[in-house]
Amino acid sequence: MDTHFLLLALFTTVAYTIQAMTGFGSLIIAITLGSHLYPVELLLATLVPVDVLLCAYIAARNRESIQGRLLLRGIVPFMGLGLASGIAVFQFVHGEALKRALGLLVVFLCSRELYRLVAGRGNPAFLSAWKYRLYILAAGIVQGVFASGGPLTVYAVSRFNLPKAAFRSTLSSLWMLTNSVLAASYLATGRLTLETLRFVSGLVPFVLLGLVIGDRLHHRVNEVHFRMAVFAVLILAGLSVLIG
């Protein structure tokens, strides 16, 4: 193990601790930090299959708390439509300014909601139906263009103020579905190879360590602190998009 791999192992442990605690954040955190050490293409091919397995485990273990109606009727159709539009219409657009605008929007929205919680002004207000659908549709488009639609999706879903277990398991189910498609595409295009799988095997113990720590934190933190953690992680995710 060289220094680069040990640093990536540390980043992976932190990222998957946050993922296991909140239900999101592993890929954007691990890839943002890990990109200083390894090519993004290698990190995606390595971490996306691992993410599928982790999300499948969380979803299966907590299947009774998955909000199936919200997932299948309120997220997947609109995000899928946005994803298809993003791939079809914007595949030739390289808009770094647009990507940074996305990061700025996420930081602004989530900073406002985190302030409300810290100031004791109650849970965030529900989004109207059309605003919610607009956010999910936009998240799909952003995912199609930049592969960074997660923060907008999580922000929109967080406004339902779901119990922490339902929030985590529902998002884990979503990432399991979307990342399975990505993993299949990597396999079909030859990016997922035996060399990649050997790299994955070296990271598995650190992913499992993150899972154990994050799961314990999830059960110990109360609902208000959980929501604070969600918005804090979203702010970090937005900053990573903004300055990445």
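Nothing here was measured: the structure is a model prediction, and the numbers come from that model.

Criteria and cut-off values
Residues numbered from 1 in each chain as written. Predicted model: local features only at pLDDT ≥ 70, side-chain atom pairs only at ≥ 80, totals over all residues. Heavy atoms only, no water. Helix = DSSP H or I, 4+ residues; strand = E, 2+ residues; numbered from the N terminus. Rg over C-alpha atoms; globule rule 2.2 N^0.38 Å. Buried < 20%, exposed > 50% of the residue type's maximum accessible area, 1.4 Å probe, protein only. Core = buried A, V, L, I, M, F, W, Y, C linked by side-chain atoms within 4.5 Å. Contact = heavy atoms within 4.5 Å. pLDDT = per-residue confidence, 0-100. Axes fitted to C-alpha atoms, helices over the stretch in contact; angles between N-to-C directions. Left-handed = near helix turned anticlockwise from the far one by under 90°. Parallel < 35°, antiparallel > 145°, perpendicular 65-115°, else oblique. Nonpolar A, V, L, I, M, F, W, Y, C, P; charged D, E, K, R; others polar.

**So, the overall build of the chain**
So, step 1. Scanning the chain from N- to C-terminus turns up 10 helices and 0 strands.
So, step 2. When the helices and strands of the chain are placed in sequence order, the string is α-α-α-α-α-α-α-α-α-α.
So, step 3. What you see for the chain is a C-alpha radius of gyration of 17 Å, in line with the 18 Å of a compact globule of 244 residues.
So, step 4. For the chain, with 244 residues in total, the buried portion stands at 48%.

**Points about the nonpolar core**
So, step 1. One finds Tyr-16, Phe-24, Tyr-132, Val-154, Phe-167 and Leu-234 to be the most contacted residues of the largest nonpolar core, which totals 67 residues.
So, step 2. Ignoring any residue separated from it by four or fewer positions in sequence, one finds Phe-24 in contact with Ile-18, Gln-19, Val-154, Phe-167, Leu-171, Trp-175, Val-230, Val-233 and Leu-234.

**Some remarks on the confidence of the model for the chain**
So, step 1. Averaged over all residues, the pLDDT of the chain is 86; the fraction at 70 or higher stands at 94%.
So, step 2. Put simply, helix α5 (residues 96-118) is where the chain has its lowest mean pLDDT, 82, and helix α1 (residues 3-22) is where it has its highest, 92.

**Thoughts on the packing of helix α7 (residues 150-158) against helix α8 (residues 164-188)**
So, step 1. Contact pair α7 / α8: the axes reach a minimum separation of 12 Å and the direction vectors enclose 145 degrees. Crossing of α7 against α8: the hand is right-handed. Residues Gly-150, Thr-153, Val-154, Val-157 and Ser-158 of α7 touch α8, and the partners they reach there are Phe-167, Leu-171, Leu-174 and Trp-175.

**Notes on the packing of helix α2 (residues 26-34) against helix α10 (residues 223-243)**
So, step 1. Here α2 crosses α10 at 40 degrees, and the two axes come no closer than 10 Å. Between α2 and α10, the crossing angle belongs to the class labelled oblique. Relative to α10, α2 is oriented so that their crossing is left-handed. Here α2 contributes Ile-28, Ile-29 and Thr-32 to the contact with α10, which in turn contributes Val-233, Ala-237, Ser-240 and Val-241.
So, step 2. Grouping the constituent residues of the contact of α2 with α10 by class yields 5 nonpolar, 2 polar and no charged.

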